[in-house]
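Now for the letters of each chain:
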2 protein chains.
Amino acid sequence: MSNPTAAMLVIGDEILSGRTRDTNTNYLAVELTNHGIQLTEARVVADDRDAIIAAVNALRAAYDTVFTSGGIGPTHDDITAEAIAAAFGVPITQRADAMALLQAHYDRAGLPFNEARQRMARIPDGAALIDNPISTAPGFTLGNVHVMAGVPNIFQAMVASVIPTLTGGAPLLSQSLRVNRGEGEIASDFAALAADFPDLTMGSYPFTTNGVYGTNLVVRGTDAGRIDAAMTRLAALFA
Amino acid sequence: MSNPTAAMLVIGDEILSGRTRDTNTNYLAVELTNHGIQLTEARVVADDRDAIIAAVNALRAAYDTVFTSGGIGPTHDDITAEAIAAAFGVPITQRADAMALLQAHYDRAGLPFNEARQRMARIPDGAALIDNPISTAPGFTLGNVHVMAGVPNIFQAMVASVIPTLTGGAPLLSQSLRVNRGEGEIASDFAALAADFPDLTMGSYPFTTNGVYGTNLVVRGTDAGRIDAAMTRLAALFA
């Protein structure tokens with residue numbers, strides 16, 4: 001498949017310590033799949049400047065689009081924007097448009113627009129802002145990198161505004177067949193069938209329910225007719 | 001902190017398509033944290049030989065220990081063992097000890113030990129087997145890389161047998177304080193306090209409950225007394 005590729009970079013000590021479960025990668029994966037963009041790699045790194053820079057530079061060179069989540073808040077451990085600027089070798093400053101958005105937000109809320117909150121207006125030179133309809137503090141797009149919040153509902157809102165701007169491919173479709181046999185029993189026939197459909201991807205995912213082994217067979221591709229043809233043959237083999 | 005470092009490599013198209021949520025990384029993160037090993041990076045790659053080889057070689061050079069999950073079953077998309085052997089530049093063969101384990105397992109179950117199932121006895125030269133108390137097909141350790149199943153309960157059982165063999169550091173402890181104020185309001189005082197405890201890591205994690213903004217402040221480190229001291233000061237500031 002020649003669909004556009006994407007990578008996800010999750011930034012945050014709290015994911016790596018196990019305190020917090022990352023749910024943003026799965027959300028993004030589903031949205032990209034529906035838009036015909038292939039999530040090809042995901043990484044999680046700590047709130048560490050060098051680690052963020054190295055990962056962003058590796059991923060933006062390797063894939064069409066990169067999404068990051070986390071580290072754009074007002075506290076001292078929020079270093080993503082600075083690290084992204086360093087990765088691109090551009091300055092970062094408090095930008096007037098971001099300052100105005102945030103000033104209006106805190107005025108409405110009757111809260112002081114203090115120094116910490118003003119940090120959230122620091123945007124690398126040349127970036128475009130990503131709207132944050134929930135708590136105002138914007139994300140930004142620099143080159144092919146979309147920098148977004150880690151809080152799941154804000155991340156999701158930002159994904160919703162970014163994805164329509166990206167060139168997608170044919171949506172990646174999938175169908176699955178649940179088979180009440182172990183993987184080892186169906187592997188040989190399944191591999192032979194997969195070889196007949198080199199334009200599709202076929203995977204098998206074992207499960208156990210009440211001590212009984214079973215396998216979910218999943219067929220993925222962009223051509224619904226080909227997937228139907230494969231499913232018909234799978235059903236004849238294993239149903 | 002100079003605790004040993006580790007990385008996780010999740011292998012599987014189904015994670016990147018969004019069909020399946022990865023739960024193994026979070027499980028491993030918690031177990032490593034308790035054992036005093038710092039999970040420093042995690043990656044997800046597709047069932048793609050070159051991608052697996054590149055990721056394994058990058059991670060095993062950068063970190064003390066690497067864990068992989070996924071791709072060691074009997075079907076054609078299970079290519080992890082072959083890719084790990086290629087990453088290390090060693091041959092891979094059906095090994096007699098793994099064959100004997102699997103033969104006995106399928107004999108007990110009254111199932112044929114067919115060619116697909118025999119694939120699960122393919123182990124890179126020089127590797128040590130990792131016990132699989134659930135479905136027998138072993139994982140393996142080669143150098144500093146532990147190759148484990150993707151099915152969560154099998155992954156967890158393999159982690160339980162590997163972790164005690166690793167040299168841990170002092171357990172990574174944490175305490176948290178829930179504050180009913182937004183991050184931007186406490187950021188300045190929190191940063192000043194964090195500067196007084198350079199031996200600890202302090203993070204802040206915003207949340208919204210019923211429209212009210214709050215922040216969880218988390219203090220991490222290996223010295224319980226220092227963490228207590230920091231929490232006492234945090235409580236005086238924000239409680």
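Because the structure is predicted, anything quoted here is derived from the model rather than measured. (Residues numbered from 1 in each chain as written. Chains lettered and ligands numbered in written order. Predicted model: local features only at pLDDT ≥ 70, side-chain atom pairs only at ≥ 80, totals over all residues. Heavy atoms only, no water.)

Give me the lowdown on the overall build of chain A, citing residues and values where you can.
The helix and strand tally for chain A stands at nine helices and 11 strands. Projected onto the principal axes, the alpha-carbon positions of chain A cover approximately 65 × 40 × 35 Å. Counting every position in chain A, which comprises 239 residues, the buried fraction comes to 52%. In chain A, the share of contacts with a sequence separation of at least 24, taken over all contacts with a separation of at least 6, comes to 69%. Surface exposure of chain A reaches about 9,700 Å², of which carbon and sulfur atoms provide 52%. When the 15 positive and 24 negative side-chain charges of chain A are each reduced to one mean point, those points stand 2 Å apart. (Helix = DSSP H or I, 4+ residues; strand = E, 2+ residues; numbered from the N terminus. Buried < 20%, exposed > 50% of the residue type's maximum accessible area, 1.4 Å probe, protein only. Contact = heavy atoms within 4.5 Å. Areas by Shrake-Rupley, 256 points an atom, 1.4 Å probe, with all protein chains shown as cover. Lys, Arg positive; Asp, Glu negative; His and termini not counted. Charge placed at Lys NZ, Arg CZ, Asp CG, Glu CD.)

Account for the relation of the copies chain B and chain A, naming residues and giving values.
Mapping chain B onto chain A calls for a screw motion: a turn of 180° about the axis and a shift of 0.0 Å along it, with 0.0 Å RMSD after fitting. Accordingly, the operation relating the two chain copies is best matched by a two-fold axis. Closest approach to the rotation axis within chain B is made by the C-alpha atom of Arg43(B), at a distance of 2.1 Å. Interface overlap between copies: 100% of the residues of chain B at the interface are likewise at the interface in chain A, consistent with a symmetric, same-surface contact. (Least-squares fit on C-alpha atoms with pLDDT ≥ 70 in both.)

Give a description of the packing of aromatic side chains that names residues and reports values.
For any pair of aromatic rings, geometry is given as the distance between the ring centres together with the angle between the planes. All chains considered together, the criterion is met by two aromatic pairs over all chains. Their ring planes at 15° and their centres at 5.8 Å tell us that Tyr106(B) and Phe113(B) sit as a pair that is stacked. Like Tyr106(B), the residue Phe113(B) is buried in the burial classification. When the ring centre of Phe88(A) is taken as reference, the NZ or CZ atom of Arg60(A) above it lies at 3.7 Å. (Phe/Tyr/Trp six-rings, centres within 6.5 Å; stacked < 30°, edge-to-face > 60°. Lys NZ or Arg CZ within 6 Å of the ring centre and 35° of its normal.)

Which residues make up the interface of chain B and chain A, and what values do they have?
It is common to give the size of an interface as the accessible area lost on bringing the parts into contact. Between chain B and chain A, the residue contacts involve 52 residues of the former and 53 residues of the latter. Overall, the association of chain B and chain A removes approximately 4,100 Å² of surface from exposure, summing both partners, and the carbon and sulfur fraction of that is 52%. Area buried by chain B at its contact with chain A is led by Leu16(B), Arg19(B) and His76(B), which between them contribute 14% of it. Where chain B packs against chain A, one counts zero salt bridges. (Buried area = accessible area lost by both parts, 1.4 Å probe. Salt bridge = Lys/Arg side-chain N within 4 Å of Asp/Glu carboxyl O.)

Lay out the sheet that holds strand S9 (residues 173-179) of chain A with the relevant residues and their values.
Residues and elements named next belong to chain A. Spatially, S9-S11-S10 is the arrangement adopted by the three strands of the open sheet, whose pairing is antiparallel. Looking at the sheet topology across the chains shown, the edges are occupied by S9 and strand S10 (201-209). Neighbouring strand axes in the sheet, compared pairwise and without regard to direction, differ in orientation by 20° on average. Sheet analysis places S9 next to strand S11 (residues 212-221), joined by seven bridges and oriented antiparallel. Along S11, the bridge assignment pairs Gln175 with Val219. Along the sheet face, helix H8 (residues 183-196) touches S9, S10 and S11 and points at about 165° away from the line of S10. (Pairing = 2+ DSSP bridges. Axes fitted to C-alpha atoms, helices over the stretch in contact; angles between N-to-C directions.)

With reference to specific residues and values, describe helix H5 (residues 96-109) of chain B.
Residue and element names in this part refer to chain B. Helix length check: H5, at 14 residues, gives a terminal C-alpha distance of 20 Å against a target of 20 Å (1.5 Å per residue), a fit within 8%. Buried within H5 are the following residues: Ala98, Leu102, His105 and Tyr106. Buried residues of H5, viewed axially, fall in a sector of 90°; they line one side. Opposite the buried face of H5, by more than 90 degrees, sit the exposed residues Ala96, Asp107 and Arg108. Lining the buried residues of H5 we find helix H6 (115-118), strand S5 (122-124) and strand S6 (128-130). (Expected span 1.5 Å × (residues − 1). Arc of directions from axis to C-beta.)

Can you tell me about the sheet that holds strand S11 (residues 212-221) of chain B, naming the residues and giving the values?
Sheets are built from strands paired through backbone hydrogen bonds, the pairs being either parallel or antiparallel. All names here are of chain B. The antiparallel open sheet is built from three strands, whose spatial order is S9-S11-S10. A strand with exactly one partner marks an edge of an open sheet, and here the two such strands are strand S9 (173-179) and strand S10 (201-209). Within this sheet the neighbouring strands show an average axis-to-axis angle of 20°, counted without direction. Relative to the sheet, helix H8 (residues 183-196) contacts S9, S10 and S11, its axis offset from that of S10 by approximately 165°.

Mind laying out unusual backbone geometry, listing which residues take part and the relevant values?
The phi angle at Thr136(A) is positive, at roughly 75°, despite the residue not being glycine. Within the secondary structure, Thr136(A) sits in the loop between strand S6 (128-130) and strand S7 (139-142).

Give a detailed account of the packing of H8(A) against helix H9 (residues 224-238) of chain A, specifying residues and quantitative values.
All names here are of chain A. The interhelical angle for the contact between H8 and H9, taken along N-to-C directions, is 155°, at an axis separation of 11 Å. The orientation of H8 relative to H9 falls into the category roughly antiparallel. Between H8 and H9 lies a crossing of right-handed hand. Between H8, through Ile186, Asp189, Phe190, Leu193 and Asp196, and H9, the contact on the second element is made entirely by Arg226, Ala230, Arg233, Leu234, Leu237 and Phe238. Within the contact of H8 with H9, the residues separate by chemical class into seven nonpolar, no polar and four charged. (Parallel < 35°, antiparallel > 145°, perpendicular 65-115°, else oblique. Left-handed = near helix turned anticlockwise from the far one by under 90°. Nonpolar A, V, L, I, M, F, W, Y, C, P; charged D, E, K, R; others polar.)

Give a description of the side chain of Thr141(B) that names residues and reports values.
All names here are of chain B. By the element assignment, Thr141 lies in strand S7 (residues 139-142). Take Thr141: its relative accessible area is 18%, and that puts it in the buried class. At a separation of 2.8 Å, a polar atom in the side chain of Thr141 contacts the side chain of His146. Apart from residues lying up to four places away in sequence, Thr141 is in contact with Gly126, Ala127, Ala128, Ile130 and His146. (Polar contact = N/O pair within 3.5 Å; in protein donor to acceptor, adjacent residues only side chain to side chain.)

Pulling in residues and values, what's your account of the side chain of Glu41(B)?
When you line up the elements, Glu41(B) lands in strand S2 (residues 38-45). Glu41(B) sits in the buried class, given a relative accessible area of 7%. Reaching out from Glu41(B), the side chain makes a polar contact with the side chain of Arg43(B) at a distance of 2.6 Å. Sequence-distant contacts of Glu41(B), defined by excluding residues within four places in its chain, comprise Leu16(A), Arg43(A), Val44(A), Val45(A), Ala6(B), Ala7(B), Met8(B), Leu59(B) and Tyr63(B).

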